[in-house]
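Now for the letters of each chain:
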Amino acid sequence: MSKFEFPKSIASRPVWGTLEFRSGEHHLMIAEAEGAEAVLDIATPDLMAKTHIIYIPRGTDYADKLRALTPAQFYEGPSYGAALPRIRRVLEDAHMGLQVYLTGTEGMMGQAMNEAMAVGLPHTAIQTEHRGSTARRMQCVHCKGITEDVEVDPFVCSHCGLNLFVRDHYSRRHAAYQGVRVDAEDHGNVPEPKGIYE
Amino acid sequence: MSGAEKIQVKVTEITPLNELVTRFRFERVDGGQLPTFSGGAHTVVEMQDGGITRLNPYSLMSDPFEQSSYTISVRRDDQGRGGSLFMHRQVKLGDEMTISYPVNLFSLDLRARKHLFLAGGIGITPFLAQIKQLDVLHGQWELHYACRNQALASYADELAERHPHETHIYYDDQKQAIDLKGLLNGQPLGTHVYVCGPKGMIDWVCNTAQAQGWPADCIHYEEFLAPQPGKPFEVHLKASGKTVYVGEHESLLEAIEREGVDAPYLCRGGACGQCETVVLDHEGNFVHRDHWLTDEEKAAGKKIMPCVSRFEGKSLVLDR
Ligand code: FES
């Protein structure tokens, strides 16, 4: 099960879409983990002939299936950080008409979207589809440190150690949700952590 | 009072550029400074032509940071409704005129990493101001300018001389044409395209860019529609309790104004959305000509843009 229906929330919370083919000379698809399934869903031979796939497995194994699509270029990187120089290079060299497709976790899509925006693509032109883990990339509003892959609420900031409440408040610039000290008024009164969507 | 705020100006220079285009310079009557603007802005020029008040939008072509004067270039349109003919034939040096504060419906998107300008004929004017603005901002740009022939190529020599690397001129009579597909294909990511010129050119550029996968937010165009003549019709203005007859050669907006009813407007060319008016009742067909309402809105018949659109039929009641 790679799809998840996010509950309705505040306007600040990003809304992810469903990938669809858009005409263009070149296509860049960044798929993280189960995001590979979203690529498999829209792949056609014509599209793949113009597509560069960047796949970040994170424990999944879709590489053979993706390779079998015979994309124009295929790259597998162990992590988003490892794939980043390649992503930047592709965007830097790209011409208008490039279509960008991002699929996987919210954290990856948010960060990759910032890369595409940094080279001047409007965010409205970047396609996204959430697949796989619903863990969040969180920013601590107190120390500003980022904690990746947060699955429970509240959680402990990996930088300053405060107990943080997971908010739906999202920063596009940081590609992260905001975490606010849960026991600010009554130190030590920390609720039992549970899944973010439980 | 509708429209942007007004400025009283004096015509301090009239320069014929070629057979069709004349440039006008305006300075404030009170000697003060004019507001700065941003490249792509226009001003609405009021013309007292016999009994008729004409209000025509013209792109400001001067340096947006220059506050002592504004300049516009007017192409004579012998088939038009008379605004450009009035400018060419009636306006004399030293005349006092009323113009509006600058309004910009065609501004640069400064998030762009590069600006690609495509101009056809007199469509060059907004780009002249944008180029001056980008000079100051050190922005990256490139201009492709299509003209009928060398004699009618307003400002082409100046541009080519000042910006030899950025300026590309194409003459129709020498069978030179913009290789649009190749041009669009070769643009670095983050380029925005801007087009101003005849309708055919605007459609060509917008459609080609879209087909080549350019995001809609990176495609900008400016086309001022001139109101077209049409069959006369009658309109009832419910809020003001007036029934107005719209003649063949005037627009619905002009007819409403003639009757002393204050109606909002900015561009008078179907582009800005300011004049949007609610239709309370109608029996007949709309002749929608604006770029503002969506196709669904046009089909629904609940709104009209009186600056350029008309009506044919038995009765029309507006909330105005
Ligand atoms: S006045 Fe701008 S659309 Fe009518």
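Remember, predicted model here, so these are calculated numbers, not experimental data.

Take the overall build of chain A next. When helices and strands are tallied, chain A shows five helices and twelve strands. The globule rule puts the C-alpha radius of gyration for 198 residues at 16 Å, and the 18 Å found for chain A is close to it. For chain A, the spread of C-alpha atoms along the three principal axes comes to 60 × 35 × 30 Å. Every one of the 198 residues in chain A was classed for burial, and the buried ones make up 51%. Long-range pairs, those at least 24 residues apart, make up 60% of the contacts in chain A between residues at least 6 apart in sequence. Here chain A holds 20 positive side-chain charges and 26 negative ones, and the gap between their average locations is 5 Å.

Across the boundary between the two partners, chain B contributes 19 residues, which contact 18 residues of chain A. In total, about 1,400 Å² of surface goes out of reach between chain B and chain A, with carbon and sulfur atoms giving 56% of it. In this assembly, chain B and chain A are joined by one salt bridge. Ionic pairing is found between Glu-92 of chain A and Arg-113 of chain B, a salt bridge with its closest N-O pair at 3.4 Å.

Counting across every chain of the model gives 13 aromatic pairs over all chains. Taking 5.0 Å as the distance between ring centres and 55° as the angle between the ring planes, the aromatic pair formed by Phe-4 of chain A and Tyr-197 of chain A counts as tilted. Residue Phe-4 of chain A is located in the segment before β1 (26–32), and its partner Tyr-197 of chain A is located in the segment after β12 (194–195); the two are separated by 193 residues in the primary sequence. Judged by relative accessible area, which is 25%, Tyr-197 of chain A ranks as partly exposed. Taken together, Phe-106, Phe-117, Phe-127, Trp-141 and Tyr-194 of chain B form an aromatic cluster joined through their ring pairs. Of note, Arg-13 of chain A hangs over the ring of Phe-6 of chain A, and the distance from its end group to the ring centre comes to 4.4 Å. The ring of Tyr-265 of chain B carries the charged tip of Arg-268 of chain B above its face, separated from the ring centre by 4.4 Å.

What follows covers the nonpolar core. Core analysis: the largest hydrophobic core is formed by 56 residues, its most contacted members being Ile-30, Leu-91 and Leu-102 of chain A together with Leu-118, Leu-189, Val-193 and Trp-214 of chain B. In this view, Leu-102 of chain A contacts Leu-19, Ile-30, Met-109, Ala-112, Met-113, Ile-126, Gln-127, Thr-128 and Glu-129 of chain A; residues no more than four positions away in its chain are not counted. Counting 26 residues, the second-largest nonpolar core is a separate cluster that includes Val-246, Val-261, Tyr-265 and Val-308 of chain B.

The next subject is the domain arrangement of chain B. Residues and elements named next belong to chain B. Here chain B is partitioned into domain 1 (6–104), domain 2 (114–222) and domain 3 (233–318). If you average the C-alpha positions of domain 1 and of domain 3, the two centres end up 27 Å apart. Residue-level contacts link seven residues of domain 1 with nine residues of domain 3. With both chains or domains summed, domain 1 and domain 3 bury close to 630 Å², and 50% of this area falls on carbon and sulfur atoms. A per-residue breakdown of the area domain 1 buries against domain 3 is headed by Leu-55, Arg-81 and Val-103, which together make up 60% of the total. Run the count over domain 1 and domain 3 and you get one salt bridge. Of the charged contacts, one joins Glu-254 and Arg-81 as a salt bridge, the two residues approaching to 2.7 Å between their closest N and O atoms. Viewed at the interface, domain 3 and domain 1 are joined by three residue pairs in polar contact (both at pLDDT 80 or more). Taken together, the residues of the side of domain 1 that touches domain 3 sort by class into four nonpolar, one polar and two charged.

As a further point, take the sheet that holds strand β13 (residues 233–237) of chain B. Whether parallel or antiparallel, the strands of a sheet pair through hydrogen bonds between backbone atoms. Residue and element names in this part refer to chain B. Within the open sheet, the five strands sit side by side as β14-β13-β17-β15-β16. Their pairing is mixed. The open sheet is flanked by β14 (242–246) and β16 (303–304), the only strands paired with a single partner. The pairing of strand β15 (residues 277–287) with β16 spans two bridges and is antiparallel. Pairing of Thr-277 across the sheet is with Ile-304, part of β16.

With that settled, consider the side chain of Glu-129 of chain A. Residue and element names in this part refer to chain A. Along the polypeptide, Glu-129 turns up in strand β5 (residues 126–130). A distance of 2.8 Å separates polar atoms of two side chains, one belonging to Glu-129 and the other to Arg-131. The residues touching Glu-129, leaving out its near neighbours within four places in the chain, are Lys-3, Gly-17, Thr-18, Leu-19, Ala-38, Leu-102, Thr-103, Gly-104 and Met-109.

Let us now look at the sheet that holds strand β9 (residues 155–156) of chain A. All names here are of chain A. Taken in spatial order, the five strands make up an open sheet running β7-β6-β11-β10-β9, and their pairing is mixed. For this open sheet the edge positions go to β7 (146–150) and β9, each flanked by a neighbour on one side alone. Note that strand β6 (residues 136–140) and strand β11 (residues 176–181) share three bridges and pair parallel. Bridge pairing links Met-138 to Tyr-177 in β11. Seen against the sheet, helix α5 (residues 106–118) touches β6, β7, β10 (163–171) and β11 and runs at an angle of roughly 70° to β6.

Further remarks concern the side chain of Asn-18 of chain B. Residues and elements named next belong to chain B. By the element assignment, Asn-18 lies in the loop between β1 (6–16) and β2 (21–28). A distance of 3.2 Å separates a polar atom in the side chain of Asn-18 from a polar atom in the side chain of Ser-154. For Asn-18, the residues in contact, after removing those within four places along its chain, are Ala-151, Leu-152, Ala-153 and Ser-154.

About the criteria used
Each chain has its residues counted from 1, following the order in which its sequence is written. All chains are assigned letters beginning at A, and all ligands numbers beginning at 1, according to the order in which they are written. Totals for whole chains, interfaces and linings use every residue, but because this is a predicted model, local features are given only for residues with pLDDT of at least 70 and side-chain atom pairs only at 80 or more, for both listing and counting. Side-chain metrics in this entry use all non-hydrogen atoms of the structure; hydrogen atoms and water are not considered. Under the scheme used here, helices are H or I runs from DSSP no shorter than 4 residues and strands are E runs no shorter than 2 residues, and both carry numbers assigned from the N terminus. Atoms considered for the radius of gyration are the C-alpha atoms alone. The globule rule reads 2.2 Å times the number of residues to the power 0.38. Relative accessibility decides the category of a residue: with a 1.4 Å probe and only protein chains considered, values under 20% of the type maximum give buried, values over 50% give exposed, and everything between is partly exposed. Throughout, a contact is declared for two residues whenever any of their heavy atoms are within 4.5 Å. All tallies of charge rest on Lys and Arg as positive and Asp and Glu as negative; His and the ends of each chain are not included. Here the site of a charge means atom NZ of a Lys, CZ of an Arg, CG of an Asp or CD of a Glu. The buried area of a pairing is the accessible area, by a 1.4 Å probe, that goes missing from both parts when the two are put together, added over both. The working definition used for a salt bridge is a side-chain nitrogen of Lys or Arg within 4 Å of a carboxyl oxygen of Asp or Glu. Side-chain rings of Phe, Tyr and Trp (the six-membered ring for Trp) are treated as a pair once their centres are within 6.5 Å; stacked means planes under 30 degrees apart, edge-to-face means over 60, and tilted covers the remaining angles. Charges are assigned to positions over rings by a cutoff of 6 Å between ring centre and Lys NZ or Arg CZ, combined with an angular limit of 35 degrees from the ring normal. The definition of a nonpolar core used throughout is a set of buried Ala, Val, Leu, Ile, Met, Phe, Trp, Tyr and Cys residues joined through side-chain atoms within 4.5 Å. Each domain's extent was defined by an automatic or database domain assignment. Two N or O atoms form a polar contact when they lie within 3.5 Å of each other; inside protein one atom must be a possible hydrogen donor and the other a possible acceptor, and for residues adjacent in sequence the pair counts only when both atoms belong to side chains. Polarity classes work like this: nonpolar for Ala, Val, Leu, Ile, Met, Phe, Trp, Tyr, Cys and Pro, charged for Asp, Glu, Lys and Arg, and polar for all others, with Gly in that last group. When DSSP finds two or more bridges between two strands, those strands count as paired. The angle between two axes is taken between their N-to-C directions and runs from 0 to 180 degrees, where each axis is a line fitted to C-alpha atoms and a helix contributes only its stretch in contact.

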